[in-house]
Amino acid sequence: MQRERISENVYWFQSEIYAQVTAGAITGPQWAVVIDTLATPEETLTMRSFIEETLGVPVRYVINTHHHADHTWGNCFFPGATVISHALCRELMELRGPASLESARRQNPAFRQVKLVYPHLTFEGGDLSLRIGKKNLILTHTPGHSRDGISVLVEEDRVLFAGDAFLPLPYVVDGDPDVLSETIRKIGKMGLENIIQGHGDIILRGEIDDAVQENLNYLNNVRKAVRAAVRRKNPLEVLSTIDIESCGKSRVYLGGLAEELHKRNVRFLFKQIAAEEGVVITPAD
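Because the structure is predicted, anything quoted here is derived from the model rather than measured. (Residues numbered from 1 in each chain as written. Predicted model: local features only at pLDDT ≥ 70, side-chain atom pairs only at ≥ 80, totals over all residues. Heavy atoms only, no water.)

Here we take up the packing of aromatic side chains. For the structure on display, the rule yields four aromatic pairs. Ring centres of F13 and F50 lie 5.9 Å apart, and the angle between their planes is 75°; this geometry places the pair in the edge-to-face category. Of this pair, F13 sits in strand β2 (residues 10–14) while F50 sits in helix α1 (residues 41–54); the two residues are 37 residues apart in sequence, bridging distant segments of the chain. Residue F13 is classed as buried on the basis of its relative accessible area, which comes to 0%. With relative accessibility at 9%, the residue F50 sits in the buried group. Grouping aromatic residues by their ring pairs yields a cluster made of Y11, F13 and F50. (Phe/Tyr/Trp six-rings, centres within 6.5 Å; stacked < 30°, edge-to-face > 60°. Helix = DSSP H or I, 4+ residues; strand = E, 2+ residues; numbered from the N terminus. Buried < 20%, exposed > 50% of the residue type's maximum accessible area, 1.4 Å probe, protein only.)

On to the layout of surface pockets, then. Here the largest pocket is characterised by a volume of approximately 850 Å³. Together, 31 residues line the largest pocket, and Y18, H68, A69, D70 and S100 are the ones closest to its centre. Looking at the lining of the largest pocket, the elements that each hand over two or more residues are α2 (69–72), α3 (87–107) and α7 (258–276). With six residues, α3 is the single largest residue contributor to the lining of the largest pocket. Considering only residue class, the lining of the largest pocket consists of 17 nonpolar, nine polar and five charged. Among the domains, domain 1 (2–207) and domain 2 (216–277) are the pair contributing at least three residues each to the lining of the largest pocket. Around the second largest pocket, the lining is made up of 21 residues, and of these P168, Q197, E214, K249 and R251 lie nearest the centre. Broken down by class, the residue content of the lining of the second largest pocket amounts to nine nonpolar, six polar and six charged. (1 Å grid on protein atoms, 1.4 Å probe; cavity = no way out; pocket = protein on both sides within 12 Å on 5 of 7 lines; lining within 4 Å. Points joined across faces, edges and corners; volume = space filled by probe spheres on them. Nonpolar A, V, L, I, M, F, W, Y, C, P; charged D, E, K, R; others polar. Domains from an automatic or database assignment.)

Time to look at the domain arrangement of the chain. The domains assigned to the chain are domain 1 (2–207) and domain 2 (216–277). The C-alpha centroid of domain 2 is placed 27 Å from the C-alpha centroid of domain 1. At the interface, 18 residues of domain 1 touch 19 residues of domain 2. Between domain 1 and domain 2 lies a buried interface of about 1600 Å² when both sides are counted; carbon and sulfur atoms form 71% of it. It is L169, Y171 and P177 that lose the most area in domain 1 upon contact with domain 2, and together they represent 36% of the buried surface on that side. At the junction of domain 1 with domain 2, the criterion picks out one salt bridge. (Contact = heavy atoms within 4.5 Å. Buried area = accessible area lost by both parts, 1.4 Å probe. Salt bridge = Lys/Arg side-chain N within 4 Å of Asp/Glu carboxyl O.)

By the element assignment, Q14 lies in strand β2. According to the relative accessible area criterion, Q14 is buried, its value standing at 1%. Here the alpha-carbon distance between Q14 and E260, two residues 246 residues apart in the chain, equals 20 Å. If we ignore the near neighbours within four places in the chain, the residues touching Q14 are M1, Q2, Q20, V21, T22, G200 and D201. A polar side-chain atom of Q14 sits 2.8 Å from the main-chain carbonyl oxygen of G200. (Polar contact = N/O pair within 3.5 Å; in protein donor to acceptor, adjacent residues only side chain to side chain.)

As a further point, take the side chain of S181. Counting through the fold element by element, S181 comes out in helix α4 (residues 177–188). Filtering out sequence-adjacent residues up to four positions away, S181 remains in contact with L216, L219 and R223.

This part takes up the environment of E182. Summarising the element assignment, E182 is placed in helix α4. C-alpha separation for the pair E182 and A19, spaced 163 residues apart in sequence, amounts to 25 Å.

The next thing to look at is the pattern of salt bridges. Applying the stated criterion to the full structure yields 15 salt bridges. For R131, the salt bridge goes to E156, with nearest N and O atoms at 3.0 Å. You can see R131 sitting in strand β8 (residues 128–132) and its partner E156 sitting in the loop between β10 (150–154) and β11 (159–163), a full 25 residues away along the chain. In this structure, the salt-bridge partner of R231 is E277, at a minimum N-O distance of 2.9 Å. Within this pair, whereas R231 is found in the loop between α5 (208–230) and α6 (235–239), its partner E277 is found in the segment after α7, the two being separated by 46 residues in sequence. The partly exposed category is assigned to E277, whose relative accessible area is 29%. If you follow the salt bridges from partner to partner, you end up with R227, R231, E276 and E277 in one network.

See the structure below:
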């Protein structure tokens with residue numbers, strides 16, 4: 001696990017095991033807030049140890065930016081903490097979590113120590129604010145990657161923990177590309193010092209404009225390419241030629257998963273656009 005101090009009492013953690021998933025911590029004089037958990041029990045427990053033993057404060061709150069397992073399954077390793085999320089996050093965790101965890105336990109014994117802990121405090125409309133020491137945290141609904149996505153702004157530092165609303169490669173299979181594009185535009189206008197992506201490295205102030213434009217270009221280009229493929233006589237063959245580079249992105253790592261995530265985006269958009277245009281695609285096409 002990598003970690004870095006971003007500003008006074010604000011910390012960033014990144015997994016070295018799975019997809020460069022990230023988490024954060026903001027500490028006050030008496031307690032700390034954790035933003036998301038890491039993908040494996042081992043790394044989440046290492047993060048907790050750093051906060052509680054090295055920084056010397058217990059974790060009172062855990063904020064889940066969305067319901068996906070790599071951001072929430074570590075909730076159980078913060079006993080006594082209040083878990084906060086969007087209301088949809090709790091609903092989706094209750095709906096999808098048990099079957100997903102059971103499957104993961106069969107594949108990896110490490111997940112046998114995971115117990116699903118659902119958010120205790122949720123919100124829907126408007127923002128939710130949380131004060132910790134000298135920092136004001138503003139929780140805002142930022143959907144698109146998923147319906148329940150939220151971001152956490154450290155107001156005094158202009159640091160945004162964006163969850164998966166901002167990624168090195170936008171991922172829309174559980175969301176909506178139009179909604180995600182609008183969310184990315186809003187993030188780009190917030191006057192931020194740093195964007196903490198849900199996966200990948202920290203985006204610095206001078207990099208934000210380019211990162212925003214690259215992500216918007218990717219979403220636009222991949223949809224254009226898939227729409228063109230749907231209209232061809234051999235759509236499935238054309239679909240296989242749509243790569244990350246042709247959609248305006250390059251050098252995306254994500255722990256080696258970027259290519260697979262891109263392919264999933266393409267397949268998802270293919271089904272969506274074919275349905276919109278009333279095109280029936282069969283393997284023989």
